[in-house]
Amino acid sequence: MILLDVLLVIGLLFVGASLWQHFRYLKLRRERIDDRQPLVYPGRSFHAVTILKAGPERSALDELRALRDVIEGSGDGSVVYAGLVGPAMAKSEQLANDWDGLIFAQYPSREAFDATTTADAYREVLARYERTHTHGAVRGAALNLLVPVGLLLIRLRDLVLRKPSAFPFEPAGEDSMTARHGVVKDVEQLDAFREIKDDAVVIFNLIEPGDSAQQKANRRYGMSMFSSMAEGGYGPVHVGRAVGVEGEARFSQFVAVYYPGIDHVQAMVGSTFMNRIGSGKQLGDSLAVATVPVLSKLPARRTE
């Protein structure tokens, strides 16, 4: 009887901790990331991430506004997230790596997505950009609801095992792996967005896993990253299966990860922590773009 009481108390404590963890992450998503993803939605829902390169002398914010307007003006689509794009943290061999803006949108179904993106109004907006690419994503609501709980379990495991803290990040120096590969210099581009928003960076990843040896190495890298995310109170906000909807580029996985600011990302990339685990990040191909949230900063929707 005592054992059952103890198990009940442990269960209630875990449920309470899980709810606290979930709503802590939800608060970050709503207030820091300006992310409007509904917690629960129909299983047929279809998501799409569109990256764009604005034409010369064009404002990326205005171009994002135009794309948002046509998606939401269709009556079916709703924009979940919009961001200005900084550096490519991982460069793809299938796609261009230089972009200005990104929109992540939700549709009631794949058919609704197809109807919106084949409409004349949508095509007219895309024609004004230098280039665009859209990739679909199947984002399961149940899986994404469990992500914060998974991070909580990782944190509890690390506390029990007394795993050393990843913080504060220690600079690795100019001869570090990330410095030699130009990643440290690349993330300096985020400084251009400080006046817009400096306390949130969301990295959108389209991923094609490598061979079995690469996947094994990448899992070790991923667990180290998840441990630091669980400790720091940040991490994945969108996880799903990537779906090709245009062109020949193909990826299997889609992940968007929140980091708590430009300073954090720059310190992390140039740290001894990243240089210790970074060689484990091995993928077949990946496009990872760092973005700064701007959905609430887009100009008001035009009514004409």
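Just so it is clear, the model here is predicted, and its values are computed rather than measured. (Residues numbered from 1 in each chain as written. Predicted model: local features only at pLDDT ≥ 70, side-chain atom pairs only at ≥ 80, totals over all residues. Heavy atoms only, no water.)

(A) Structural view of the overall build of the protein. A tally of regular secondary structure across the protein gives 10 helices and eight strands. Out of the 304 residues in the protein, the part that is buried amounts to 49%. Within the structure as shown, the protein displays about 15000 Å² of accessible surface, and the carbon and sulfur contribution to it stands at 57%. (Helix = DSSP H or I, 4+ residues; strand = E, 2+ residues; numbered from the N terminus. Buried < 20%, exposed > 50% of the residue type's maximum accessible area, 1.4 Å probe, protein only. Areas by Shrake-Rupley, 256 points an atom, 1.4 Å probe, with all protein chains shown as cover.)

(B) Spatial organisation of helix α3 (residues 110-117). For α3, the complete set of buried residues consists of A112, F113, T116 and T117. Projection of α3 onto a plane perpendicular to its axis shows the buried side chains occupying an angular sector of 125 degrees, all on one side. Residues of α3 that are buried make contact with β1 (46-53), β3 (101-107), α4 (120-127) and β4 (131-138). (Arc of directions from axis to C-beta. Contact = heavy atoms within 4.5 Å.)

(C) Representation of the environment of G77 in the model. In this fold, G77 is placed in the loop between α2 (60-73) and β2 (78-90). The exposure class of G77 is buried, given its relative accessible area of 9%. Taking the C-alpha atoms as reference, G77 lies 7.8 Å from A112; in sequence the two are 35 residues apart. When neighbours within four sequence positions are excluded, G77 is seen to be in contact with I71, E72, Q106 and Y107.

(D) Summary view of the pairing of β4. Pairing of β1 with β4, which is carried by seven bridges, proceeds in the antiparallel orientation. Paired with K53 across the strands is R131, a residue of β4. The pairing of β4 with strand β6 (residues 235-244) spans four bridges and is antiparallel. Bridge pairing in β6 links V138 to R241. (Pairing = 2+ DSSP bridges.)

(E) How the structure looks around the layout of surface pockets. Each pocket or cavity is described by its volume, and for the second largest pocket that value is around 260 Å³. Lining the second largest pocket we find 18 residues, and of these P164, S165, A166, F273 and R276 sit closest to its centre. Elements with a contribution of two residues or more to the lining of the second largest pocket: α5 (141-160), α8 (212-232) and α10 (272-277). Its residues assigned to classes, the lining of the second largest pocket comprises seven nonpolar, five polar and six charged. (1 Å grid on protein atoms, 1.4 Å probe; cavity = no way out; pocket = protein on both sides within 12 Å on 5 of 7 lines; lining within 4 Å. Points joined across faces, edges and corners; volume = space filled by probe spheres on them. Nonpolar A, V, L, I, M, F, W, Y, C, P; charged D, E, K, R; others polar.)

(F) Local environment of the pattern of salt bridges. All told, the structure shown has 18 salt bridges when counted by the stated rule. With a shortest N-O distance of 3.7 Å, D199 and R32 are connected by a salt bridge. In this pair, D199 sits in the loop between α7 (183-187) and β5 (201-208) while R32 sits in helix α1 (residues 2-32), placing the two residues 167 residues apart along the sequence. The partly exposed category is assigned to R32, whose relative accessible area is 27%. In this structure, a network of salt bridges that share partners links the residues R32, K197 and D199. (Salt bridge = Lys/Arg side-chain N within 4 Å of Asp/Glu carboxyl O.)

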